[in-house]
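Read off the chains here:
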Amino acid sequence: MKHNSPYSAAITGGGYLYEETNILLPLLMSEDSDALLKKEKLENNLLKINRQTSRERAIFEIKRRYNAVQKTFWEDYLSMEQTAQKIALFFVILKTYKICFDFQINVTRNKWQSISHSVSIDDLLMEFNEIGARDEFVDSWTDNTRKKIASTYLSILRKVGMLDEENVLHPVKDTDETMAYYIRIGEQWFLDACLLQPFEINEIKKAV
């Protein structure tokens, strides 16, 4: 059942992982990637995550994200400023985990376009019901798993600056040049996912 579903609960294996991604990126981009990652799992020289199981999960998820986009993306990522990198990592997360993509497009974006401009765990649990009605694997997840995934997703929104402590939503945007990058690589949908207005997206297109 799991293999027939595009969904995964793996996002709970690490969360946002910005600093950890930057630490591991040189290893992932190396020709000796597998050997270097194996060494890090055992020796913990870089990540400084004490529990080996937690360290292994973080490495596994960062590698999953690394493989979700082209290597050229990561080459571009290395030249970005910190704010642009944090937005870029959010893009990668949405590309890697379909559950996060669905939350962003079907819940967060819709809530932003409504009067409330806020999103909560309850909103995400309702989306789980919608997904579970058409996906047996998601339908089999426990309430605890669903809440953990929802909480992790909201934490990511806070890390990227899209959600404040009152659960009020805010658009995520850097310079027009930074945001135009996603149009150049054929991923204009991401600007909409960042809660930008159509007129803002049109302005950004001028920077392409």
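For clarity, every value in this text was computed on a predicted model and none was experimentally measured.

A. Looking closely at the overall build of the protein chain. The helix and strand inventory of the protein chain stands at 12 helices and zero strands. Put simply, the protein chain runs from its N terminus to its C terminus through helices and strands in the order α-α-α-α-α-α-α-α-α-α-α-α. Rg of the C-alpha trace for the protein chain: 18 Å, near the compact-globule value of 17 Å for 208 residues, within the 12% margin. In terms of overall dimensions, the protein chain has a C-alpha envelope of 50 × 45 × 35 Å along the principal axes. When the 208 residues of the protein chain are sorted by exposure, 46% land in the buried category.

B. The nonpolar core, seen in detail. Formed by 70 residues in total, the largest nonpolar core has its most connected members in Phe73, Trp74, Ile99, Leu157, Tyr182 and Phe190. Among the elements that take part in this core, helix 5 (residues 82-96) stands out by supplying nine residues, more than any other. Residues within four places of isoleucine 99 in sequence aside, it is in contact with Tyr7, Ser8, Phe128, Ile131 and Ile149.

C. Examining the packing of aromatic side chains more closely. Tallying each qualifying case throughout the model produces 18 aromatic pairs. Ring centres 6.0 Å apart and planes at 75° place the aromatic pair phenylalanine 128 and tryptophan 141 in the edge-to-face group. With a gap of 13 residues between them, phenylalanine 128 in helix 7 (residues 121-132) and tryptophan 141 in the loop between helix 8 (136-139) and helix 9 (143-160) connect regions that are remote in the sequence. Following the ring pairs from residue to residue traces out a cluster consisting of Tyr66, Phe73, Trp74, Tyr77, Phe90, Phe91, Phe101, Tyr181, Tyr182, Trp189 and Phe190. The side chain of lysine 86 reaches across the aromatic face of tyrosine 18, ending 5.3 Å from its centre.

D. Quick look at the side chain of aspartate 123. Tracing the backbone shows aspartate 123 in helix 7. Assessed through its relative accessible area of 18%, aspartate 123 is described here as buried. Ignoring sequence-local partners within four residues, the contact set of aspartate 123 consists of Val107, Lys111 and Ser118.

E. Looking closely at the pattern of salt bridges. Scanning all chains against the criterion turns up 10 salt bridges. In this structure, lysine 98 engages aspartate 102 in a salt bridge whose closest nitrogen and oxygen atoms are separated by 3.2 Å. Of this pair, lysine 98 and aspartate 102 both sit in helix 6 (residues 98-112), four residues apart, which is roughly one turn of that helix. Residue lysine 98 is classed as partly exposed on the basis of its relative accessible area, which comes to 32%.

F. Structural detail: unusual backbone geometry. With phi around 60°, asparagine 44 is a residue other than glycine that occupies positive phi space. Summarising the element assignment, asparagine 44 is placed in the loop between helix 2 (33-43) and helix 3 (52-66). Positive phi, close to 70°, is recorded for leucine 195, a residue that is not glycine. Summarising the element assignment, leucine 195 is placed in the loop between helix 11 (189-193) and helix 12 (198-205).

G. Region of interest: the environment of glutamine 197. With respect to the secondary-structure elements, glutamine 197 resides in the loop between helix 11 and helix 12. Each C-alpha atom, one on glutamine 197 and one on glycine 15, is 27 Å from the other, the two residues being 182 residues apart in sequence.

H. Up close: the state of the cysteines. Under the criterion given, the structure shown has zero disulfides. Note on cysteine 100: no disulfide assigned, nearest cysteine sulfur contributed by cysteine 194 at a separation of 14 Å. Its relative accessible area of 0% is what places cysteine 194 among the buried residues.

The rules behind each value
- Residues numbered from 1 in each chain as written.
- Predicted model: local features only at pLDDT ≥ 70, side-chain atom pairs only at ≥ 80, totals over all residues.
- Heavy atoms only, no water.
- Helix = DSSP H or I, 4+ residues; strand = E, 2+ residues; numbered from the N terminus.
- Rg over C-alpha atoms; globule rule 2.2 N^0.38 Å.
- Buried < 20%, exposed > 50% of the residue type's maximum accessible area, 1.4 Å probe, protein only.
- Core = buried A, V, L, I, M, F, W, Y, C linked by side-chain atoms within 4.5 Å.
- Contact = heavy atoms within 4.5 Å.
- Phe/Tyr/Trp six-rings, centres within 6.5 Å; stacked < 30°, edge-to-face > 60°.
- Lys NZ or Arg CZ within 6 Å of the ring centre and 35° of its normal.
- Salt bridge = Lys/Arg side-chain N within 4 Å of Asp/Glu carboxyl O.
- Disulfide = S-S within 2.5 Å.

Honestly, it's all geometry; don't read function into it.
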